[in-house]
Amino acid sequence: MAGKRWLIALVLPALGPVLAAAYAGVNLMAVEAAVKAQITGPEWAGGRLAADGMTAVGRDSWRLVLATAVVVGVLGVAYAVIGVLLRRGGRGRTPLLVLSGVLIVPYALAVLVALINPAKALAGLYDTPDFAAGLPAWQPATVLVLVAAGLAQAAGVATAAAEGRRAASART
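Starting afresh in each chain, residues are numbered from 1 along the sequence in its written order. Side-chain atom pairs in this predicted model are given and counted only at pLDDT of 80 or more, local residue features only at pLDDT of at least 70, and totals for whole chains, interfaces and linings cover all residues. The side-chain values count all of the structure's non-hydrogen atoms but skip hydrogen atoms and water molecules.

### Points about the packing of helix α2 (residues 56-87) against helix α3 (residues 93-116)
Here the axes come from fitting lines to C-alpha atoms, over the contacting stretch only for helices, and the angles between their N-to-C directions go from 0 to 180 degrees. Counting from the N terminus, the helices are DSSP H or I runs at least four residues long and the strands are E runs at least two residues long. Contact geometry of α2 with α3 gives a least axis separation of 10 Å together with a crossing angle of 160°. Classified by the angle between their axes, α2 and α3 sit roughly antiparallel to one another. In this structure, the crossing between α2 and α3 has a hand that is left-handed. Only Arg93, Leu96, Leu97, Leu99, Ser100, Leu103, Ile104, Pro106, Tyr107, Ala110, Val113 and Ala114 of α3 make contact with α2, whose side of the interface consists of Thr68, Val71, Val72, Leu75, Ala78, Tyr79, Ile82, Leu85 and Leu86. Tallied by class, residues from the contact of α2 with α3 come to 18 nonpolar, two polar and one charged. Comment on the angle field: the value is read as roughly parallel under 35 degrees, roughly antiparallel over 145, roughly perpendicular from 65 to 115, and oblique elsewhere. Take the far helix as your reference; a near helix turned counterclockwise from it by less than a right angle gives a left-handed crossing, and one turned clockwise gives a right-handed crossing. Contacts are assigned to residue pairs with any non-hydrogen atoms lying within 4.5 Å of each other. Note on residue classes: Ala, Val, Leu, Ile, Met, Phe, Trp, Tyr, Cys and Pro are nonpolar, Asp, Glu, Lys and Arg are charged, and everything else, Gly too, is polar.

This is how it looks when you write it as structure tokens:
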């Protein structure tokens with residue numbers, strides 16, 4: 001069982017950045033589908049497209065989604081490092097646990113931004129019903145990818161902390 005805990009303590013914290021990238025990827029597909037619906041919709045009257053083929057609302061939606069994914073990804077890397085450091089079982093574990101508790105605040109704020117759904121919110125702000133209608137029905141559920149990342153990392157860090165505690169008590 002110790003081998004499985006070791007693997008869990010390493011793999012679960014590393015899932016955060018991977019799932020953040022998955023969140024960005026699926027949302028890029030959703031934004032591109034919405035842009036395509038917007039430019040083929042009846043409200044589009046020869047508006048301008050950016051060089052990347054995005055409309056203004058598409059580009060801004062993608063930037064917000066990407067910023068959210070980057071924040072979660074960077075925090076995910078921090079949690080992965082904390083998980084590795086907690087496994088060693090030496091001194092300095094308390095500051096690492098406190099840091100992991102403090103880092104949950106920006107993580108939760110990033111998930112809140114994803115829950116608000118920037119693509120849908122900006123479609124309303126820009127008054128682009130074709131863009132909003134073009135967002136796939138599954139797109140609002142992509143926030144669950146970030147929630148899964150947070151839960152996986154929490155379980156991994158907790159397992160790493162327990163492994164480190166066992167290692168520290170075995171030395172004494």
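### Notes on the nonpolar core
One broad trend across soluble globular proteins is that nonpolar side chains are buried collectively. Membership of the largest hydrophobic core comes to 34 residues, with the highest contact counts inside it found for Val31, Leu86, Tyr107 and Phe131. Listing elements by their share of this core, those giving two or more residues are α1 (2-40), α2, α3, α4 (118-125) and α6 (143-171). In terms of residues, this core owes the most to one element, α2, which gives nine residues. Ignoring sequence-local partners within four residues, the contact set of Val31 consists of Met54, Gly58, Ser61, Trp62, Ala119 and Phe131. We call a set of buried residues a nonpolar core when its members are Ala, Val, Leu, Ile, Met, Phe, Trp, Tyr or Cys and they connect through side-chain atoms within 4.5 Å of each other. Type-normalised accessible area, obtained with a 1.4 Å probe on protein chains alone, sets the label of each residue: buried when under 20%, exposed when over 50%, and partly exposed for intermediate values.

### Topic: unusual backbone geometry
In this structure, Asn117 takes a positive phi of about 70° despite not being glycine. Assignment of secondary structure puts Asn117 in the loop between α3 and α4. Here Asn117 falls in the buried class, since its relative accessible area comes to 8%. Positive phi, close to 55°, is recorded for Asp127, a residue that is not glycine. Within the fold, Asp127 resides in the loop between α4 and α5 (129-134).

### A few points about the confidence of the model for the chain
On average, residues of the chain carry a pLDDT of 89, and 94% of them reach 70 or more. Averaged pLDDT values for the elements of the chain fall to 86 in α6 and rise to 94 in α4. As a per-residue measure, pLDDT tells how confident the predictor is, with possible values from 0 to 100.

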